[in-house]
Amino acid sequence: MKLSHFQFNLPTELLAEFPAESRDEARLMVVNRKTKTIEHKTFRDIIDYFDDGDVMILNNTKVFPARMYGNKEKTGARIEVFLLRELNAEQRLWDVLVDPARKIRIGNKLYFGDDDSLVAEVIDNTTSRGRTLRFLYDGSYEEFRRKLTELGETPIPKYINREVTEEDAERYQTIYAKEEGAVAAPTAGLHFSKHLLKKLEIKGIQFAEVTLHVGLGTFNPVEVEDLSKHKMDSEELIINQEACDIVNKAKVRKSKICCIGTTSMRAIESSVSSQRTLNTFTGWTNKFIFPPHDFSIADCMVTNFHTPKSTLLMMVSAFCGHDLMKKAYEEAIKEKYRFYSYGDAMLII
């Protein structure tokens, strides 16, 4: 398939700027691949589609406050610094994006905090906006990480054109987030409330946790018409034995296996054995899933509504079937479903 197959007109007013009032009160579109039918529900109704012994795969990554603002030495120019990944804990080296980038050169120093209590020096250019920073801080590593958290803010997506609020710090995070390392939330999981998770647990649904630290590369635009030529950025992935056991036993007993989000799907599809079972994994994945793709583990998935030409839409289209996905998105626009990170959800069965 080509990039142009994933273009559609998305009214800007359907881009959700705020989350639903309660997590599980978002709308839920249920798309049935067998019957080609579409139902309109509320997210908490998801419990009706699962039974005792079914498994949900959750991405337990935790978003850290990756967006910071500093001032350039001498000029005092305000610079946005987006922390991408830690390169060396001992030397306090980080890969970052800076904006505006044209003002930031090797050797420049940036000062953070009202009292300039944190200083960083630019030591390398990596891409047009990318830089490597060395943070200069006298305290312990734990104190340094606390300082980053104190000075950073929740990295809500740029399309949300408003100030970050206290609510964002809580709502741009799944309630099962544990392993810090993501710079964007696995947004399908944002719809689960503690109450809903408990009800699912009581019904006998099992949860397998994987960790895929979502990077900004997930949202990079695809700029080639031939999708086979697009390269995904690598993201850190950990799948432990416990998760494998839960998933593989469910496969044997033919229970439903549902991926919560594209990141969970990408995680498990990155580590499949020749017997189509889930393997343990510790490392990095740059797997790009687009149609056609033969999925090995999950038979249903939860996802949000994605933007045109995005790699997320391509994966969902591969799972759902392109024609049915197109029909579902036309219905979503007609029914004014909310799109993107704080938007509504879709269950594909």
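Trainee: For this particular structure, what's the right way to read the overall build of the protein chain?
Mentor: Scanning the protein chain from N- to C-terminus turns up seven helices and 17 strands. Against the compact-globule benchmark of 20 Å for 349 residues, the protein chain has a radius of gyration of 21 Å, which places it among compact chains. Taken along its principal axes, the extent of the C-alpha atoms in the protein chain is 65 × 45 × 40 Å. Burial status across the protein chain gives 53% buried among its 349 residues. Here the analysis covers contacts within the protein chain between residues at least 6 apart in sequence; of these, 70% occur between residues at least 24 apart.

Trainee: What is the right way to read the layout of surface pockets from this model?
Mentor: Empty pockets left among the atoms are what a rolling probe the size of a water molecule brings to light. Its volume calculated, the largest pocket comes out at about 880 Å³. Taken together, 35 residues make up the lining of the largest pocket; nearest its centre are F82, L84, V183, G215 and L216. Only β6 (78–88), β7 (93–99), β11 (179–182) and β13 (235–239) provide two or more residues apiece to the lining of the largest pocket. It is β6 that contributes the most residues to the lining of the largest pocket, five residues altogether. The class makeup of the residues in the lining of the largest pocket is 17 nonpolar, seven polar and 11 charged. Of the volumes computed, that of the second largest pocket is approximately 250 Å³. Lining the second largest pocket are 13 residues; nearest its centre among them are R67, Y69, E153, R162 and V164.

Trainee: Would you explain the pattern of salt bridges in this entry?
Mentor: Close approach of charged atoms allows side chains of opposite charge to pair. Tallied over the full model, the rule gives 17 salt bridges. Here R145 makes a salt bridge to E180, at a shortest N to O gap of 3.3 Å. Placement of R145 in helix α1 (residues 141–151) and of E180 in strand β11 is noted, with a sequence separation of 35 residues between them. Among the ionic pairs, E209 bridges to K178, the shortest N-O distance being 2.9 Å. One end of the pair, E209, is in strand β12 (residues 206–212); the other, K178, is in the loop between α2 (166–171) and β11, and 31 residues separate them in sequence. Within the structure, one salt-bridge network assembled from shared partners comprises D24, E25 and R44.

Trainee: Would you explain the sheet that holds β7 in this entry?
Mentor: By definition, the strands of a sheet pair up through backbone hydrogen bonds, in either a parallel or an antiparallel sense. Strand order in the closed barrel made by the six strands is β5-β6-β7-β10-β9-β8, with antiparallel pairing throughout. When the angles between neighbouring strand axes are averaged without regard to direction, this sheet yields 45 degrees. The pairing of β7 with strand β10 (residues 130–136) spans five bridges and is antiparallel. Pairing of L93 across the sheet is with R134, part of β10. Each of β5 (67–72), β6, β7, β8 (109–112), β9 (118–125) and β10 is contacted by α1, which is oriented at about 90 degrees to β9, the strand it contacts most.

Procedures and definitions
- Residues numbered from 1 in each chain as written.
- Predicted model: local features only at pLDDT ≥ 70, side-chain atom pairs only at ≥ 80, totals over all residues.
- Heavy atoms only, no water.
- Helix = DSSP H or I, 4+ residues; strand = E, 2+ residues; numbered from the N terminus.
- Rg over C-alpha atoms; globule rule 2.2 N^0.38 Å.
- Buried < 20%, exposed > 50% of the residue type's maximum accessible area, 1.4 Å probe, protein only.
- Contact = heavy atoms within 4.5 Å.
- 1 Å grid on protein atoms, 1.4 Å probe; cavity = no way out; pocket = protein on both sides within 12 Å on 5 of 7 lines; lining within 4 Å.
- Points joined across faces, edges and corners; volume = space filled by probe spheres on them.
- Nonpolar A, V, L, I, M, F, W, Y, C, P; charged D, E, K, R; others polar.
- Salt bridge = Lys/Arg side-chain N within 4 Å of Asp/Glu carboxyl O.
- Pairing = 2+ DSSP bridges.
- Axes fitted to C-alpha atoms, helices over the stretch in contact; angles between N-to-C directions.

Purely geometric numbers; function is a separate question.
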